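# Residue-level structural notes
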Amino acid sequence: MKKLSFVIALLIMAGSSAFAQITKDQTVAEWTRAKAYTKAYLDAMPADGFSFKATPEVRTFAQQFLHLADANYFFIATASGKESPMGKGVSVEKTVAQTKEATTKAVMDSYDFAISTLQGMTDAQFQEEIAMGTRKATRGVLLAKAFEHQTHHRGQATIYLRLKGVTPPPEMLF
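Residues numbered from 1 in each chain as written. Predicted model: local features only at pLDDT ≥ 70, side-chain atom pairs only at ≥ 80, totals over all residues. Heavy atoms only, no water.

Here we come to the environment of Q64. Considering the arrangement of structural elements, one finds Q64 in helix α3 (residues 61–80). On a C-alpha basis, the gap between Q64 and Q150 in space is 9.6 Å, while along the polypeptide they are 86 residues apart. Discounting chain neighbours no more than four positions away, the residues touching Q64 are R59, H153, Q156 and Y160. (Helix = DSSP H or I, 4+ residues; strand = E, 2+ residues; numbered from the N terminus. Contact = heavy atoms within 4.5 Å.)

In structure tokens:
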């Protein structure tokens, strides 16, 4: 059992370090692809669906994406050390109108910030260790977590589209 635990721990560490070694150009390309994929989701939902909730306890479709935008600003600013254009304590989820037009603009702006900030970083910066609260990680790992977060919320939005009778956009892996 100890050998199995050790092997699993090694695989996790190897996977984490490999993902953290993605180059700046690869990261920019992935975020550019993610922006287009997210835009396809926003375009797919009819305007009246932006206030739709799958259940009373969850965010609306618009709030899912505005939350994604907030996280893009937070993670990218934290990972890069560049100040977010939103400033401290400002939430697009709480301040942007939940319309198709306003939500789409706010979300695309968050991707523009992410992509332009990533373009300004160096490959060496991706390997630098930084603190996020009480945790430490490389900038690259933090950027990977940011990417995972936006993918998570876009995935949740698939259910919203299906419940509104909309076919989600096809997967865009490349």
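Once the structure has been displayed, the description carries forward.
Right, let's get into the side chain of R33. Tracing the chain through its elements places R33 in helix α2 (residues 24–44). A distance of 2.6 Å separates a polar side-chain atom of R33 from the backbone oxygen of M172. Residue contacts for R33: discarding those within four places in its chain leaves F147, M172, L173 and F174. (Polar contact = N/O pair within 3.5 Å; in protein donor to acceptor, adjacent residues only side chain to side chain.)

Applying the stated criterion across every chain yields a total of six salt bridges. Taking the shortest distance from any N to any O, the salt bridge between R33 and E30 comes out at 2.4 Å. Separated by three residues within a single helix, R33 and E30 lie in helix α2, roughly one turn from each other. Judged by its relative accessible area of 15%, R33 is buried. The partly exposed category is assigned to E30, whose relative accessible area is 29%. Across the salt bridge formed by E128 and R139, the nearest N and O atoms sit 2.9 Å from each other. Placement of E128 in the loop between α6 (123–126) and β1 (129–132) and of R139 in helix α7 (residues 139–163) is noted, with a sequence separation of 11 residues between them. Taking relative accessible area as the criterion, R139 reaches 13% and is therefore assigned buried. (Salt bridge = Lys/Arg side-chain N within 4 Å of Asp/Glu carboxyl O. Buried < 20%, exposed > 50% of the residue type's maximum accessible area, 1.4 Å probe, protein only.)

Interhelical geometry of α2 versus helix α5 (residues 100–119) gives an angle of 175° and a closest axis separation of 9 Å. In terms of axis orientation, α2 runs roughly antiparallel to α5. Along its contact with α2, which presents K24, T27, V28, W31, T32, A34, K35, T38, K39, L42 and D43, the element α5 presents K100, T103, T104, V107, M108, Y111, D112, A114, I115, L118 and Q119. Class assignment for the residues of the contact of α2 with α5 results in 10 nonpolar, six polar and six charged. (Axes fitted to C-alpha atoms, helices over the stretch in contact; angles between N-to-C directions. Parallel < 35°, antiparallel > 145°, perpendicular 65-115°, else oblique. Nonpolar A, V, L, I, M, F, W, Y, C, P; charged D, E, K, R; others polar.)

This part covers the nonpolar core. By size, the foremost hydrophobic cluster in this structure holds 41 residues, and its most contacted members are W31, F61, F65 and V107. With near-sequence residues (within four places) excluded, F65 lies in contact with T38, Y41, L42, T103, V107, R154 and A157. (Core = buried A, V, L, I, M, F, W, Y, C linked by side-chain atoms within 4.5 Å.)

Moving on: the packing of aromatic side chains. All told, the structure shown has nine aromatic pairs when counted by the stated rule. Their ring planes at 55° and their centres at 6.1 Å tell us that F61 and Y160 sit as a pair that is tilted. A residue pair is termed long-range when its members are at least 10 positions apart, and F61 in helix α3 and Y160 in helix α7 qualify at 99 residues. Accessibility assignment for this pair places F61 and Y160 in one class, buried. Among the aromatic side chains, those forming a connected cluster through ring pairs are F50, F52, F61, F65 and Y160. (Phe/Tyr/Trp six-rings, centres within 6.5 Å; stacked < 30°, edge-to-face > 60°.)

Turning to the environment of D123, a few remarks are in order. In this structure, D123 sits in helix α6. Apart from the residues within four sequence positions on either side, D123 is in contact with T23 and K24. Side-chain polar atoms of D123 contact the backbone nitrogen of K24, separated by 2.5 Å.

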